Amino acid sequence: MLKLNRDHISLLLPDSSGTQGRRSLRRTWNQLSRFQRNVIFTVLLAFLIMTVVLYSGLGESKAERKSTRREQREAEKSGREEVGAIEVILRPPDDVEEAAEVQDERTQQGENPPTAPKAPHEEGPKIFAGPQNERQRAVVAAFQHAWTNYRTYAWGHDNLKPLSQGHHDWFGLGLTIVDALDTMYIMNLQKEFEEARNWVENGLSFEVNRDVNLFEVTIRVLGGLLSTYHLSGDQMFLVKAADLGNRLLPCFESQSGIPYSDVNLATLRAHSPKWSPDSSTSEVTTIQLEFRDLSRCTGDEIYETVAHKVNEKIHSLEKRHGLVPIFINANTGMFRTFSTISLGARADSYYEYLLKQWLQMGKKPDDFLIEDYSVAIEGVLSELVRETPNEHHVYIGELINGKEFKPKMDHLTCYFPGTLLLGYKNGMPQSHLKLAQDLLETCFQTYMKQPTQLAPEITYFNLHGESENDIYVKSNDAHNLLRPEFIESLYYFYAITGNKTYQDMGWTIFNAFERHTRVKNGYTSIGNVKNILNTRPRDMMESFFLGETLKYFYLLFSDDRNEIDLDRYVFNSEAHPLPIRSH
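Scoring rules and cut-offs
Residues numbered from 1 in each chain as written. Predicted model: local features only at pLDDT ≥ 70, side-chain atom pairs only at ≥ 80, totals over all residues. Heavy atoms only, no water. Core = buried A, V, L, I, M, F, W, Y, C linked by side-chain atoms within 4.5 Å. Buried < 20%, exposed > 50% of the residue type's maximum accessible area, 1.4 Å probe, protein only. Helix = DSSP H or I, 4+ residues; strand = E, 2+ residues; numbered from the N terminus. Contact = heavy atoms within 4.5 Å. Phe/Tyr/Trp six-rings, centres within 6.5 Å; stacked < 30°, edge-to-face > 60°. Lys NZ or Arg CZ within 6 Å of the ring centre and 35° of its normal. Disulfide = S-S within 2.5 Å. Salt bridge = Lys/Arg side-chain N within 4 Å of Asp/Glu carboxyl O. Axes fitted to C-alpha atoms, helices over the stretch in contact; angles between N-to-C directions. Parallel < 35°, antiparallel > 145°, perpendicular 65-115°, else oblique. Left-handed = near helix turned anticlockwise from the far one by under 90°. Nonpolar A, V, L, I, M, F, W, Y, C, P; charged D, E, K, R; others polar. Pairing = 2+ DSSP bridges. Polar contact = N/O pair within 3.5 Å; in protein donor to acceptor, adjacent residues only side chain to side chain.

A. The nonpolar core, seen in detail. Counting 152 residues, the largest nonpolar core has Leu173, Phe291, Phe416 and Phe486 as the members making the most contacts within it. For this core, the leading source of residues is helix H8 (residues 214-232), giving 10 residues. Once residues within four sequence positions are removed from consideration, Phe486 is found in contact with His411, Cys414, Leu440, Cys443, Phe444, Tyr447, Met505 and Ile509.

B. Geometry of the packing of aromatic side chains. Across all of its chains, the model carries 30 aromatic pairs by this definition. Judged by centre distance (5.9 Å) and plane angle (25 degrees), the ring pair of Tyr460 and Tyr472 falls under stacked. Of the two residues, Tyr460 is situated in strand S17 (residues 458-461) and Tyr472 in strand S18 (residues 471-472); the sequence distance between them amounts to 12 residues. Among the residues examined, Tyr460 registers a relative accessible area of 7% and is labelled buried. An aromatic cluster of at least three residues, connected via ring pairs, comprises Trp507, Phe510, Phe513, Tyr523, Phe545, Phe553 and Phe557. Above the ring of Phe405, the side-chain terminus of Arg386 is found at 3.9 Å from the ring centroid. We note Lys474 situated over the ring of Tyr460; from NZ or CZ to the ring centre the distance is 4.1 Å.

C. Quick peek at the state of the cysteines. All told, the structure shown has one disulfide when counted by the stated rule. Linked covalently through their sulfurs, Cys414 and Cys443 form a disulfide whose S-S length is 2.1 Å. Linking Cys414 and Cys443, the disulfide has an S-S dihedral of approximately -100 degrees and is accordingly described as left-handed. Note that Cys414 is positioned in the loop between strand S16 (408-410) and helix H15 (416-425) and Cys443 in helix H16 (residues 430-448), a separation of 29 residues in sequence. The residues Cys414 and Cys443 share a single accessibility class, namely buried.

D. Highlighting the pattern of salt bridges. Scanning all chains against the criterion turns up 19 salt bridges. Ionic pairing is found between Arg247 and Asp243, a salt bridge with its closest N-O pair at 2.9 Å. Of this pair, Arg247 and Asp243 both sit in helix H9 (residues 235-248), four residues apart, roughly one helical turn. Neither Arg247 nor Asp243 differs from the other in exposure class; each is buried. Here Lys425 ties to Asp567 by a salt bridge, and the two come within 2.6 Å at their closest N and O atoms. Within this pair, whereas Lys425 is found in helix H15, its partner Asp567 is found in the loop between helix H19 (543-556) and strand S21 (569-571), the two being separated by 142 residues in sequence. Using a relative accessible area of 34% as the deciding quantity, one classes Lys425 as partly exposed.

E. Structural view of the packing of helix H6 (residues 175-186) against H19. At a minimum axis distance of 7 Å, the contact between H6 and H19 shows a crossing angle of 15 degrees. Judged by the angle between their axes, H6 and H19 are roughly parallel. Between H6 and H19 lies a crossing of left-handed hand. Here Leu175, Thr176, Asp179, Ala180, Asp182, Thr183 and Ile186 of H6 lie close against H19, whose contacting residues are Ser543, Phe544, Leu546, Gly547, Lys551, Tyr554 and Leu555. Of the residues that constitute the contact of H6 with H19, the class distribution is seven nonpolar, four polar and three charged.

F. Layout of the sheet that holds S17. Spatially, the three strands line up as an open sheet ordered S16-S17-S18, and their pairing is antiparallel. Every interior strand has two partners, whereas the edge strands, S16 and S18, have only one. Two strands pair when backbone bridges link them, and S16 and S17 are joined in this way by three bridges, in the antiparallel orientation. Bridging across to S17, Lys408 finds its partner in Tyr460.

G. A look at the side chain of Asp182. Considering the arrangement of structural elements, one finds Asp182 in helix H6. Exposure remark for Asp182: the relative accessible area of 0% places this residue in the buried category. At 2.7 Å, the side chain of Asp182 and the side chain of Lys551 are in polar contact. Excluding its chain neighbours within four sequence positions, the residues that come into contact with Asp182 are Ser227, Thr228, Leu231, Lys551, Ala575, His576 and Pro577.

H. Geometry of the packing of H6 against helix H7 (residues 190-203). Where H6 contacts H7, the two axes come as close as 9 Å, and the packing angle between them is 145 degrees. Two packed elements cross with a definite hand, and for H6 against H7 that hand is left-handed. Packed against H6, whose contacting residues are Ile177, Val178, Leu181, Met184 and Tyr185, the element H7 presents Glu192, Phe193, Ala196, Arg197, Trp199 and Val200 at the interface. Residue composition of the contact of H6 with H7, by class: nine nonpolar, no polar and two charged.

I. Structural context of H6. Among the 12 residues that make up H6, 12 are buried, leaving the element largely enclosed by the rest of the structure. With its phi angle positive at about 60 degrees, Asn188 sits one or two positions after the end of H6.

Here is the structure:
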């Protein structure tokens, strides 16, 4: 019962817990005066307020340990932005770090982890032994030559200009450093990797008041950070990736759900390209691997949600036998009328990511992505594949305005044999394998037919006897940009079949790069593959030379063709491996 004293109020619980006890307590309560009841309520309320204050104080103490940078960003951004019909909370990197700390505490206390399956890095950092043979050591030496000169003349900038000993900035994000992170890790170049890692932690800022391209920054920077996070297990790379991912989200604010091509990372304003109202189809469909992986790493579904809506939109549009035009409008969400159909520039990686997303998500049999891929390959076979009349080179041409066939194939298309073989490995039909083999041989000939043994940017093929040669190159298309696509396909062929012939083909091309593109202060793209005495060096070493070309050479020459297990990883379009998970 309640007993009221002058000095205090005491609560005496009756001995009996039965019905009589409950009635006695209720009768006692009813006998109290209003004043007595108010005193009891006041004491209980005071106790509740003290509890809340103490709990908030603990939370504030933890928050005070967060960096000033987080407080500034939260004040500037107010924490929320609208993306289409989805409200997005722009989480600063500290929240990702805090989530990881909480999970670490839960794991130490024996609690079950989240339902998401384990990523490879959760089993510990992946260990690489470094070069194991002469060819791999030669590739590492080439990398170190390129890296040392980049470090000397272009450190922190996007690209090295090796002839003028200068640099070129495209986005101002140190593209070469971020693109090359996982290459150094795979090559076990520990000193170079640590130096690059420290620059990323202390020198890479996304508060850059300039427009960047959603596609290029996603595949190079976001992909590079995520890949290195998975391989090394270093949380710092995920923190950076989350910061960047948040700044790219405004691209998805279009009415159609098709993302704008460009965004200012500081102001968070997105827009279509300045040169056109349309975006490239490949650009809006080659971001999903990275955004999905970011969602899985952070536990925030927003990145995968907005990126997958693009898949759904493209899936719903009318196509020509599964083939897509190369331009799409972010405002209307429609393909450009009478646009070119190609597997080269502006469309290539759309087909690549249909297959690779399906692999990334665990090969669900009813996934519309693999259905779209299968239909598209049938469309390639029926609409775009031709064979030259004399030497019988199989190639993939273009449909100009969606109608007129043009016997032109970009070097970019030489990624396609590797993608086809990867699909065949995972259950695609025999016709895919045959096309992969034929195209690989044709791509190899685009190298071997040139005096430099380096492929041009664009190759033409004899269609109806209009040329003396079945393979020919126009002067304006004779440049070589140190591209990786054919080396990528050779890598897949070696990794999947184990046939060392593909290593030998790659070694021939590697030595051609050494002869004609290596200069005193790095490697340079060249303007003319048709003349060994006048290659016309162009004074540019793109970041993808270190991020893709040399990485694929290194893996191609490995004694262990499973150095990167293709059943556990999928490479993004910039050669950054991301983990495959079942859901």
